[in-house]
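Each chain is listed here by its residues.
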Amino acid sequence: MTADAGATPAARTRASDPAELRRLAVATLDANWEHDHTVPSRTLYPHQWSWDSAFIAIGLAQVRPERAWQELTSLFRAQWADGRVPHIVFNPTLRVGAYFPGPEMWRSADAPGAPAVDTSGLVQPPVHALAALLAYQRAPEPAGLAALRRLYPALVAQQRYLADRRDVAGDGLVCVVHPWESGLDNSPAWDAPMAAVPAEAAVMRAYRRHDTAHADAAHRPTDLDYARYLAIVAAYREHGYADRDLADKHPFLVECPLFNAAFGSAEHALAEIAALVGHDPGPHRGRAARITDALVRRLHDPTTGTFQPRDLRTGRLIGARTVLGLTPLVLPDLPARQVDALVVEARSARFGVARHMERPLPTYDRTAPNFEPLRYWRGPSWLNTGWLVRRGLLTHGHPELAAGLRHSMIGLVAGAGCHEYFHPDTGAGLGSPAFSWTAALVLDLLRE
């Protein structure tokens, strides 16, 4: 889409004035700052979220570098003894019911090795090592280097947890145990494995969803989705959030391309961090190469040319063509054959990446019959997935496509503000109107 497609006069002014757009982004982050971290949204997401904090730190490094390090440090203070970084860290000062499902659902205090603060028991894509490296590169100051040195052992422990506890198939890839761990909660990629989770939508009559009180229910996951989400949480919680015997008992087990691309990218970032803080980068490089090899071997579909999740319950790849399949481009050692195939996929009518983009990058194949332009991860455009794809295009020598994607993403914010996500045809803002990672990532796009 063009920068002023469907925009108001004020928005078009922002589009033509990067300084004004930058002020909007900084104001959004400042308004969402909460003593030692940034909430994704004051309304929809009032606690701290894991991969949100990583993306937020990248943007903060350019305007509030001390906050960038507080952001990451506060998150890793909630790291579990086994190394997992929880996907939600709950703010104890908020009332019960401020978010659903809240700490009373997770009951992390009952689990061995959980931190003193209430958290969830799930994880999210490990983009934190990359975020820490970029935060330092954006603001290479002595205080940042000291913070990087302190974070390094925690980042290594995060990777070790994933490698040791979540390689359910023993093939070198990480398995997600809940759609929320992928970050793309209700993506069509999860429809088939979710359909096998026994649950009824009527279960939700016993609960009050927080999200539909602040956003249109037609834009959110359905009650049946939520019933299944809660069933999976309950299964994991009743197992003490332990990862032993997952293959025998757990109802949702999927190897996700985005999660594993982030897993491999983290080892590449840790190799650079290790060199900066006086450790040997060699083991990280070796692990990165093995992850990329496993990703190609297990999740690349040569018939479609894209990467697809593997459902470990059936052993089959999941056929939905989603933005998840494009994200392995972030791996610098992805073989040329797979890179070329992903560029073809990105440029296809399904996703429309081009030098001059007519419409923003969707999260799902826009030619699919079940494409939903309003419902969360079933079609709408999100800045974080676009940012990852753009980074991959730059990594593999496609600056013209990366420039087109950058222009499109900046145009979304210029036209609609720092929304959580955007209509994949019109660019209209959807979800929360003041979303932190949108603000942070547009700052990163503007720096160029």
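Residues numbered from 1 in each chain as written. Predicted model: local features only at pLDDT ≥ 70, side-chain atom pairs only at ≥ 80, totals over all residues. Heavy atoms only, no water.

In UniProt, the protein has this text filed under Sequence similarities (unreviewed entry): "Belongs to the glycosyl hydrolase 63 family." (UniProt positions renumbered as here; feature names shortened; annotations may be inferred.)

1. Notes on the overall build of the protein
For the protein, the count of helices and strands is 17 helices and 11 strands. Its C-alpha atoms put the protein at 55 × 55 × 50 Å along the principal axes. The proportion of buried residues among the 448 residues of the protein is 62%. Taking all contacts inside the protein whose residues are at least 6 apart in sequence as the whole, residues at least 24 apart take part in 71%. Here the protein displays about 16000 Å² of accessible surface, and carbon together with sulfur accounts for 52% of that area. (Helix = DSSP H or I, 4+ residues; strand = E, 2+ residues; numbered from the N terminus. Buried < 20%, exposed > 50% of the residue type's maximum accessible area, 1.4 Å probe, protein only. Contact = heavy atoms within 4.5 Å. Areas by Shrake-Rupley, 256 points an atom, 1.4 Å probe, with all protein chains shown as cover.)

2. Some words on the sheet that holds strand β5 (residues 254-255)
Read across the sheet, 3 strands follow the order β5-β8-β9 without closing on themselves; strand pairing throughout is antiparallel. Unpaired on one side and paired on the other, β5 and β9 (316-317) mark the two borders of the sheet. (Pairing = 2+ DSSP bridges.)

3. Focus: the layout of surface pockets
Regions of empty space are outlined by a rolling probe, equal in size to a water molecule, passed over the atoms. Estimates place the volume of the largest pocket at around 270 Å³. Lining the largest pocket are 16 residues; nearest its centre among them are Ala163, Phe263, Glu267, Arg287 and Ile291. Put simply, the parts of the chain that give the lining of the largest pocket at least two residues each are α7 (142-165), α12 (257-277) and α13 (282-299). When residues of the lining of the largest pocket are assigned to their parent elements, the largest contribution, 5 residues, is made by α7. (1 Å grid on protein atoms, 1.4 Å probe; cavity = no way out; pocket = protein on both sides within 12 Å on 5 of 7 lines; lining within 4 Å. Points joined across faces, edges and corners; volume = space filled by probe spheres on them.)

4. Brief notes about the environment of arginine 220
Position of arginine 220 among the secondary structure elements: in the loop between α9 (191-195) and α10 (223-238). A distance of 3.1 Å separates polar atoms of two side chains, one belonging to arginine 220 and the other to tyrosine 45. (Polar contact = N/O pair within 3.5 Å; in protein donor to acceptor, adjacent residues only side chain to side chain.)

5. Looking at the side chain of glutamine 62
If you trace the backbone, glutamine 62 turns up in the loop between α3 (50-60) and α4 (65-76). Looking at glutamine 62, the relative accessible area reads 18%, which means it is buried. In terms of polar contacts, glutamine 62 uses its side chain to reach the backbone carbonyl oxygen of isoleucine 58, at 3.1 Å.

6. Concerning the confidence of the model for the protein
Taken as a whole, the protein shows an average pLDDT of 94; of its residues, 96% reach a score of 70 or greater. Ignoring residues within four places in sequence, the model shows residues 1-15, a span with pLDDT below 50, making 30 contacts including any to other chains. (pLDDT = per-residue confidence, 0-100.)

7. Overview of the packing of aromatic side chains
Scanning all chains against the criterion turns up 23 aromatic pairs. Considering the side-chain rings of phenylalanine 55 and tryptophan 387, the 6.0 Å spacing of their centres and the 80 degrees angle between planes classify their relative orientation as edge-to-face. Pair noted here: phenylalanine 55 is in helix α3 and tryptophan 387 is in helix α15 (residues 383-395), with a separation of 332 residues, a long-range link. With respect to class, phenylalanine 55 is no different from tryptophan 387; both count as buried. Here tryptophan 382 and phenylalanine 435 contribute two aromatic rings whose centre-to-centre distance is 6.4 Å and whose plane-to-plane angle is 80 degrees, an arrangement assigned as edge-to-face. In this pair, tryptophan 382 sits in the loop between α14 (336-347) and α15 while phenylalanine 435 sits in the loop between β11 (429-430) and α17 (436-446), placing the two residues 53 residues apart along the sequence. For the pair formed by tryptophan 382 and phenylalanine 435, the shared burial category is buried. In textbook terms, an aromatic cluster arises when at least three aromatic residues are bridged by ring pairs, as seen for Tyr45, Trp49, Trp51, Phe55, Tyr99, Tyr376, Trp377, Trp382, Trp387, Tyr421, Phe435 and Trp437. Here the guanidinium or amino end of arginine 84 rests over the ring plane of tryptophan 80, the centre of that ring lying 4.6 Å away. Over the ring of tyrosine 376 we find arginine 220; its NZ or CZ atom is 4.3 Å from the centre of that ring. (Phe/Tyr/Trp six-rings, centres within 6.5 Å; stacked < 30°, edge-to-face > 60°. Lys NZ or Arg CZ within 6 Å of the ring centre and 35° of its normal.)

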